[in-house]
Amino acid sequence: MTGATGAGLPGPLPPGRPRRVAIACQGGGSHTAFTAGVLSRLFDGLESDGGRDGYEVVGLSGTSGGAVCALMAWTALRDGDQREARALLDGFWTDNSANTPLDAAANVWLLWASTMQSAGFLPTVSPYHLPATGLDHFRDLLTRWVDFDRIEADPVGAQPLLLIGAVDVLSGRFRAFNSRRERIVPDMILASAAIPTLFPTVHVGDGAYWDGLFSQNPPVHDLLDVRPDELWVIQINPTARADEPRTVLDITDRRNELAGNLSLYQELHGIEVIDRLLAEGQLVGDRYKHVTVRILEFSRPVSSRLLGPASKLNRDARFIRELMAAGEQQAEEFLAVLAFERAWRSGDVDGVLAVLAPHVELTSTAPFQPRDGLRGGDARAEVADLCTTVRLDLTRKQLTRERATWTVRLEGEADRTGRAEAEIVDGAVTALRMGPA
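Here the structure is a predicted model, which is why all the values come from computation and not from measurement. Per chain, residues are indexed from 1 in the order of the written sequence. The predicted nature of this model means local features are confined to residues of pLDDT at least 70 and side-chain atom pairs, given and counted, to a pLDDT of 80 or more, with totals for whole chains, interfaces and linings taken over all residues. Calculated side-chain values reflect all of the structure's heavy atoms, with hydrogen atoms and water omitted.

Asker: How should the nonpolar core be read in this particular structure?
Answerer: Grouped burial of nonpolar side chains is what soluble globular proteins tend to show. Counting 64 residues, the largest nonpolar core has Ile23 and Leu142 as the members making the most contacts within it. Secondary structure is summarised from DSSP: a helix means a run of H or I of at least four residues, a strand means a run of E of at least two, and numbering begins at the N terminus for each. Ranked by the residues each element gives to this core, the list is headed by helix α2 (residues 65-78), at 10 residues. Not counting residues within four places of it along the chain, the set of residues in contact with Ile23 comprises Leu39, Phe43, Val57, Gly59, Leu60, Ser61, Leu223, Trp232 and Ile234. One finds Ala336, Trp344, Val355 and Leu356 within the second-largest nonpolar core, a separate group that totals 28 residues. Only buried Ala, Val, Leu, Ile, Met, Phe, Trp, Tyr and Cys residues count toward a nonpolar core, and they belong to the same one when joined by side-chain atoms within 4.5 Å. Type-normalised accessible area, obtained with a 1.4 Å probe on protein chains alone, sets the label of each residue: buried when under 20%, exposed when over 50%, and partly exposed for intermediate values. Working rule for contacts: check all heavy atoms of both residues, and any pair within 4.5 Å makes them a contact.

Here's what the structure looks like:
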């Protein structure tokens, strides 16, 4: 097993071996249609045999809506055709949308009632006092797109790993249903998505389960069992927000986001600590290995500001399509980020220049040489110089949101770190900002 070399750089891979990637899909109700778009584009662009970009997906995990997306993508991998993921994801989310007049009316009513409950104007009603049709409809959707009868446990690891997060209501124990230890069945997905204010408890074996948002959102620790080189997290709950929550809806929405991120960031912090210890030579041997963490973060939609957490229940067909399109766009930018990073890390000046837009803009402040709005040829020359004197620190997570962000280190000055932010438009870097960490 490889550790890390240099300041946060993973060791070189054996010749011809693709990078092993595990993908973790955070839950977030209807907002995870964004995840469906991301996975569709990524699976179109990355070949499991080490094709165009040299990446192999060896594991997926998910919680709630993220569990559904992970299941569809995993099914395509099991069938040996990862491009099938697009058809499965599109099909499920189209069928799950409110397409008929009756469905649309029911969707509006649910959004109104949930928003009123979040604002404190309506009491919360137990799902046990409502018609028990929601889970049956959900189960029908799943079995329409996945042939569960063909799924068997995979104890020898012949197929990629699938993990589905849930929590046992009675014991309080987190549970990650594991495709290598048990046969994945529809009720495991239902358990992961059983929001307690909407659905009754789902029983699987001896357990009584609620939505996985209360546990590992999504499961990360067990994904490391497949020894990935990289962990890609599709994050639905924004990490930061620009303004202070003041209204009841804003406060409720922010509480929901922070609670959804709690377990995820605890697990990612543990990975970063191990990566840094490996890079510093304080951990040796085969037990630990460097895992590069990348996050594709969903930006808060306008509907979230208007409806609060009820926005995650919105099944409006147009809304779902827009989320999927946003996911595809972000995945496209992420693929460009990977190309830019590969060229930068290898010191490939021509490769870096190939990803820069002709009129790229460069801005930098301390600890870097101050540069204010260089454009075009001057900026390209300066960036070419930077890629040979500044190293990307992959012991820190790499984030792709409105911009792609890395922690960086100045060559020969290990104690000096900074931050690089790149704006990506149509597959090209249009702006690069260098500044303090």
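Asker: I'm lost on the side chain of Ser40 in this one. Help?
Answerer: Mapped onto the elements, Ser40 comes out in helix α1 (residues 33-45). Excluding residues within four positions of it along the chain, Ser40 makes contact with Arg86, Leu89 and Asp90.

Asker: Sorry, what's going on with the packing of aromatic side chains here?
Answerer: Think of a pair of aromatic rings as described by two things: how far the centres are apart, and how the planes are tilted against each other in angle. Ring geometry is summarised as follows: Phe, Tyr and Trp rings, the Trp one being its six-membered ring, pair when their centres sit within 6.5 Å, and such pairs are stacked at plane angles under 30 degrees, edge-to-face over 60 and tilted between the two. All told, the structure shown has eight aromatic pairs when counted by the stated rule. Relative to Phe138, the ring of Phe92 lies with its centre 6.3 Å away and its plane at 45°, an arrangement referred to as tilted. Taken together, the residues span a long stretch of sequence, with Phe92 in helix α3 (residues 84-96) and Phe138 in helix α5 (residues 134-145) at a distance of 46 residues. As far as the burial class goes, Phe92 and Phe138 line up, both buried. Ring geometry for Phe340 versus Trp406: centroids 5.9 Å apart, planes at 55°, classification tilted. One end of the pair, Phe340, is in helix α9 (residues 317-345); the other, Trp406, is in strand β15 (residues 404-410), and 66 residues separate them in sequence. Trp406 sits in the buried class, given a relative accessible area of 3%. An aromatic cluster is present here, built from Tyr55, Trp232 and Phe334 joined pairwise through their rings. The criterion for a charge sitting over a ring is simple: Lys NZ or Arg CZ within 6 Å of the ring centre, and within 35 degrees of the ring normal. Against the face of Trp74 rests Arg78, its NZ or CZ located 5.1 Å from the ring centre.

Asker: Is there a simple way to explain α3 in this structure?
Answerer: Owing to its 3.6 residues per turn, the α-helix aligns residues three or four sequence positions apart on the same side. In this model, α3 (13 residues) spans 18 Å end to end at C-alpha, consistent with the 18 Å of a helix rising 1.5 Å per residue. Within α3, burial applies to Ala85, Leu88, Leu89, Gly91, Phe92, Trp93 and Asn96. Summarising the contacts, the buried residues of α3 are in contact with α1, α2, α5 and α9. For a helix, the expected span equals 1.5 Å multiplied by the residue count minus one.

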